[in-house]
Structures are given as structure tokens and as C-alpha cells.
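Descriptive analysis of the structure
Spelled out from the first residue to the last, the chains are:
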Amino acid sequence: MTLMAKPAPVGVGIQYNPEILDWFPFESLQVDVLEVLLDNIMAPLDGPHILRPEVRATLEKLGERFTLLAHSNYGCDFGFNPLESTAAVQRHVPLAKMINSPWVANHCFYGDDSWLDIWSSPLQFSHREMLRCADRAAELQQRYGIPLAHENAAYYLSCPGSEMREAEFLAQLVSRSGTFLHLDLHNIYANSINLPHFDLRDYLDTIPLERVIAVHLAGGSWAEGLYHDWHDAAVPEPVWELYETLLQRTTPSAIILEYQGQAHHTLTRVMDQGDESMIVKDVKRAQEIWRRATVQTKVVNDGC
């Protein structure tokens, strides 16, 4: 297994979201990075193309101005079909190379041919599943040829058969596979609200922070007695506090803000022009915290 190094810091960016593309000025936003959802640009598995032909020109144009990061939701990475048959291998691997992504992130979900992922259903946090997923993750990272980072999920119930905490599972997974973490701070915040005995500080104390490549910041909303990671609101204050705490302890390679609204779930709202000021305000706040933290880190490292 080839050991891969954590990429150098890139900066702060936003997830490039086709749902709000008609009103949100992604291309005029002053950010370092655009996170590209590979599922939204890949061609069907039973067709001749890797990339949907109609998005090629847009990606080439964006790549001239921004670092493009590959992000996978529906790759079936941790499903039970042979890895070489999955969307992750057949489409996401070549797409990540096509956009010159410095690393790629995937989701810790199950999936199969009939249901590409099961939202809000976490992996079974068991030793046996850790071994199975770690072996797949190590092989997948080698196929990508760049660091692979696993994103923690928001969920409402533990998977039956789990025998360890999610943070313990992820720590053992990346230790065995040589992969990395994509830490979604809003997901662990949502879990701390919905799940009993879910401790935010214990989570950060358990995962190997030096393996965190990227961070997601987002907002959510309440429905039917649960708090959801629906990317339809401003980043809440507890998540900003987590973000500042994290940057005091480690320096990720990138910070990505997410806004989707109804593209994330049909029960949430459609975002529109009225949300633009909220998004821009969040992005500027994330950038200011990032600048402050990275300057302090540089001072400490330089011994000044």
C-alpha cells in the first residue's frame, strides 16, 4: 500500500450546486475552492460517456479559476457489490482525475444497485465492518491515486449490531486503510441533538484530527421532532464554535460551505435569491476565521 500525505492547505470554498445555479453567482464569489458533486456530472453507467457531455465546457471554465474538489455521494463505495462494478470506480475515479482534484471525499453510507445510498443510515460500527470497509477504502484510494477522505454521516438511529462509537469506528478505519477524514461539523452537531449520549467534544477527542483533510459547514432545520442536515439555513452558532475549536487543534486542507435546500430533501424549502446575502455572510465569516487561524499557525511554526 502506497502511503499518501495530507495535501497542503488550499483555503475556503463552497459546494458547486446545480440547484441554485440559476440565481447564485458562484463564479463571482471570492473563494479558493469549488467542491464538485461527481454524481451530478457523471454520465449513466450504461452509456458510453464518463462525463455528461453538456457539463464539460462549464467544468473547464471553472477549472481555470478555482481548485476543483471531487465529492462523491452515490458511489456505493461501502456497499457489498464488487468494488470494480460500482459507480465509484467506473465513473468517480476517472472524473476526479479529469478535474485534477487534489483529493476526493466520499460518504460513509451503504448502497447497492437498486438504491445507490441510504441517506441517514450509517454504517454498522462494528469491528467486522471496519475491516471490510477499510480494505475497500484502501483499494479505492489506490485506484484514485490521490488521498481519499471519508465524510461522517448525519443519522437518527444507530445501525443494529454496532459495538463502538462512530468516532472510534472512523479512527480505526483510517488507521487500517491509510485514508483520511472529511469532517462534516454540522452532521456531528445534528447527531448531538438527535442522538442520546452523543458528545461533541468526545468526538473531536477520539478521531485523529491530523487525518482531517476537509471540513463541511452547513445549516439545517427542524421537521417532525428531528433536526435535519438539510443545508437550507445559515451555519448555526454551535457549529461556528466547533469550527474555531477545530482550527485551534489542526489545519485541514480546505473548508467547504454547503447550501442545497430542496435538492437535499423534498421536505425542505427551495432556496432563492433571498438566501444569497446569508450565503455570502457565512462564506466571509468562514474565511475570516480561517485566515486568523492559519496566520496563528504560521507564527507558531516559524517560532516568532
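Described in the following lines is the structure provided in the data block.

Before going further, it helps to examine the overall build of the chain. Secondary structure assignment for the chain yields 9 helices and 10 strands. Taken against the 2.2 N^0.38 rule, which gives 19 Å for 304 residues, the C-alpha radius of gyration of the chain at 18 Å falls within 12% of a compact globule. C-alpha atoms of the chain, sized along the principal axes, occupy 50 × 45 × 45 Å. Going through the 304 residues of the chain one by one, you find that 56% of them count as buried. Long-range pairs, those at least 24 residues apart, make up 77% of the contacts in the chain between residues at least 6 apart in sequence. Carbon and sulfur atoms make up 53% of the accessible area of the chain, which totals about 13,200 Å². Where the 23 positive side-chain charges of the chain centre and where its 40 negative ones centre are 6 Å apart.

Between helix H3 (residues 87-98) and helix H4 (residues 127-144), the least distance of the axes is 9 Å, while the angle of their chain directions is 45°. In terms of their interaxial angle, H3 and H4 are classed as oblique. Where H3 abuts H4, its residues Ala88, Val89, His92, Val93, Ala96 and Lys97 lie against Leu140, Arg143 and Tyr144.

Let us now look at the packing of helix H6 (residues 185-194) against helix H8 (residues 237-249). At a minimum axis distance of 10 Å, the contact between H6 and H8 shows a crossing angle of 125°. Regarding the angle of H6 to H8, the classification is oblique. Seen from above, H6 lies across H8 with right-handed handedness. Across from Leu185, His186, Ile188 and Tyr189 in H6, the residues of H8 making contact are Pro238, Val239, Leu242, Tyr243 and Leu246. Of the residues assigned to the contact of H6 with H8, the class counts are 8 nonpolar, 1 polar and no charged.

The rules behind each value
- Residues numbered from 1 in each chain as written.
- Predicted model: local features only at pLDDT ≥ 70, side-chain atom pairs only at ≥ 80, totals over all residues.
- Heavy atoms only, no water.
- Helix = DSSP H or I, 4+ residues; strand = E, 2+ residues; numbered from the N terminus.
- Rg over C-alpha atoms; globule rule 2.2 N^0.38 Å.
- Buried < 20%, exposed > 50% of the residue type's maximum accessible area, 1.4 Å probe, protein only.
- Contact = heavy atoms within 4.5 Å.
- Areas by Shrake-Rupley, 256 points an atom, 1.4 Å probe, with all protein chains shown as cover.
- Lys, Arg positive; Asp, Glu negative; His and termini not counted.
- Charge placed at Lys NZ, Arg CZ, Asp CG, Glu CD.
- Axes fitted to C-alpha atoms, helices over the stretch in contact; angles between N-to-C directions.
- Parallel < 35°, antiparallel > 145°, perpendicular 65-115°, else oblique.
- Left-handed = near helix turned anticlockwise from the far one by under 90°.
- Nonpolar A, V, L, I, M, F, W, Y, C, P; charged D, E, K, R; others polar.

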